[in-house]
Amino acid sequence: MPEFEPITGRYLRVEVGGEPLRIYVEEAGEGHPLVCLHTAAADTRQWRHVMTDERILRRWRVIAFDMPHHGKSNPPGRWWEREYRLTADRYEATIMAVCRALGLVRTVVMGCSMGGAIVLRLAARHGGELGGIIGLESAAYAPGRANRFLHHPAVHGGEMAATYSIGLTAPQSPEEGKRENWWYYSQSGPGVYLGDIHFYSSDWDGRPELGKINTEECPVFLLTGEYDYSCTPEMTAEVAARIRGCRYIRLEGIGHFPMVENPRLFIDRHLLPVLEELAGRLDRA
């Protein structure tokens, strides 16, 4: 018999801002919905270790999707006529459109890097609908990330972004995990990383929204790797201090990409206890 992994993939049609989107969605497991958001210029493959962990899949329906312009989700409309620039409004609307189209209830949303930033906005604006958020490498304000070499005719943008990602990992992380993430980044479309950075570093300043988060209705867990110099542990700790009831965890021996650079350490030591606590809370709701 063929040895298939439990992940299945389909295309979902939704509309955001009056524009039709064709979104690639993967899922595995049963139970409470857990939506996972990839990092800038990457795709759902970053979550494959989470989506194949039997301990997680027993209690969680894990869902990951490629944002438009990423992975298997094509750019929408006449994309070649406009420069790609992700905005906070568009990002938020796309995530919520996917969750609602799938009929998800009390969803826990886990995002990393730019995904770890947008989950703060989701908690502030949609906390009553959600079952909680898990922010990996979360910052509410991270200016200065863009530079002209991210989309330059003399520079291979995919290799530059991919190699930058290696520098954000921990030296202790397995080489296989770091190179896996390198490969995903190397395949991003021209200008996609720079377009994502527009949201992460220019368009959105989430600091005014942090006080609107109610952790009694939407629990907040923020986990950041000690070797992350893009979103440092101190930056996340500052965010956590401004959210009453927030749980902050410093990830020792991990960098900016916990779920792919060192998945065993991340899942076994840090993610499983958080998911256990959230599942217990949702079971009692």
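Residues numbered from 1 in each chain as written. Predicted model: local features only at pLDDT ≥ 70, side-chain atom pairs only at ≥ 80, totals over all residues. Heavy atoms only, no water.

Concerning helix H5 (residues 175-186)
Thinking step 1. In this model, H5 (twelve residues) spans 16 Å end to end at C-alpha, consistent with the 16 Å of a helix rising 1.5 Å per residue.
Thinking step 2. For H5, the complete set of buried residues consists of Gly 177, Lys 178, Glu 180, Asn 181, Trp 182, Tyr 184, Tyr 185 and Ser 186.
Thinking step 3. The inward-facing, buried residues of H5 contact helix H4 (157-167), helix H6 (192-203) and helix H8 (258-261). (Helix = DSSP H or I, 4+ residues; strand = E, 2+ residues; numbered from the N terminus. Expected span 1.5 Å × (residues − 1). Buried < 20%, exposed > 50% of the residue type's maximum accessible area, 1.4 Å probe, protein only. Contact = heavy atoms within 4.5 Å.)

A closer look at the pattern of salt bridges
Thinking step 1. A full pass over the atoms with the stated rule returns 25 salt bridges.
Thinking step 2. One salt bridge connects Arg 61 with Glu 27, and the closest N-O pair in it is separated by 2.9 Å. Taken together, the residues Arg 61 in strand E4 (residues 60-65) and Glu 27 in strand E2 (residues 19-28) connect sequence positions 34 residues apart.
Thinking step 3. A residue is classified by how much of its surface remains accessible, and Arg 61, at 22% relative accessible area, is partly exposed.
Thinking step 4. In this structure, Arg 59 and Asp 283 form a salt bridge, with 2.5 Å as the shortest nitrogen-oxygen distance. (Salt bridge = Lys/Arg side-chain N within 4 Å of Asp/Glu carboxyl O.)

Regarding the nonpolar core
Thinking step 1. The biggest cluster of nonpolar side chains holds 64 residues, and the ones touching the most others in it are Leu 37, Phe 65, Tyr 91, Leu 120, Phe 199 and Tyr 200.
Thinking step 2. Per-element accounting of this core gives the leading share, eight residues, to helix H3 (residues 114-126).
Thinking step 3. Sequence-distant contacts of Phe 65, that is, excluding residues within four places in its chain, are made with Ile 23, Tyr 24, Val 25, Val 35, Cys 36, Leu 37, His 38, Thr 44, Thr 94, Ile 95 and Val 98. (Core = buried A, V, L, I, M, F, W, Y, C linked by side-chain atoms within 4.5 Å.)

Let's talk about the layout of surface pockets
Thinking step 1. The volume enclosed by the largest pocket comes to roughly 490 Å³.
Thinking step 2. Around the largest pocket sit 31 residues that line it, and His 69, His 70, Gly 71, Gly 189 and Val 192 are the ones nearest its centre.
Thinking step 3. Counted by class, the lining of the largest pocket contains eleven nonpolar, eleven polar and nine charged residues.
Thinking step 4. Surrounding the second largest pocket, 14 residues form its lining, His 69, Pro 76, Tyr 84, Arg 85 and Arg 90 being those nearest its centre.
Thinking step 5. Classifying every residue of the lining of the second largest pocket gives six nonpolar, three polar and five charged. (1 Å grid on protein atoms, 1.4 Å probe; cavity = no way out; pocket = protein on both sides within 12 Å on 5 of 7 lines; lining within 4 Å. Points joined across faces, edges and corners; volume = space filled by probe spheres on them. Nonpolar A, V, L, I, M, F, W, Y, C, P; charged D, E, K, R; others polar.)

Some thoughts on unusual backbone geometry
Thinking step 1. A positive phi is found at Arg 106, a non-glycine position, where the angle reads about 50°.
Thinking step 2. Looking at where Arg 106 falls in the secondary structure, it is placed in the loop between helix H2 (88-101) and strand E5 (107-112).
Thinking step 3. Under the relative-accessibility criterion, Arg 106 is labelled partly exposed at 28%.
Thinking step 4. Here Ser 113, not a glycine, exhibits a phi torsion of approximately 60°, which is positive.
Thinking step 5. Structurally, the position occupied by Ser 113 is in the loop between E5 and H3.
Thinking step 6. When its relative accessible area of 8% is taken as the criterion, Ser 113 is described as buried.

What about the packing of aromatic side chains?
Thinking step 1. Taken as a whole and judged by the stated rule, the model has eight aromatic pairs.
Thinking step 2. Ring centres of Tyr 91 and Phe 199 lie 5.1 Å apart, and the angle between their planes is 85°; on these two criteria the pair is classed as edge-to-face. Note that Tyr 91 is positioned in helix H2 and Phe 199 in helix H6, a separation of 108 residues in sequence. Taken individually, Tyr 91 and Phe 199 each receive the classification buried, so the pair is uniform in this respect.
Thinking step 3. Through pairs of rings, three or more aromatic residues link up here, namely Tyr 164, Tyr 185, Tyr 193, Tyr 229 and Phe 257.
Thinking step 4. Here the guanidinium or amino end of Arg 22 rests over the ring plane of Tyr 11, the centre of that ring lying 3.7 Å away. (Phe/Tyr/Trp six-rings, centres within 6.5 Å; stacked < 30°, edge-to-face > 60°. Lys NZ or Arg CZ within 6 Å of the ring centre and 35° of its normal.)

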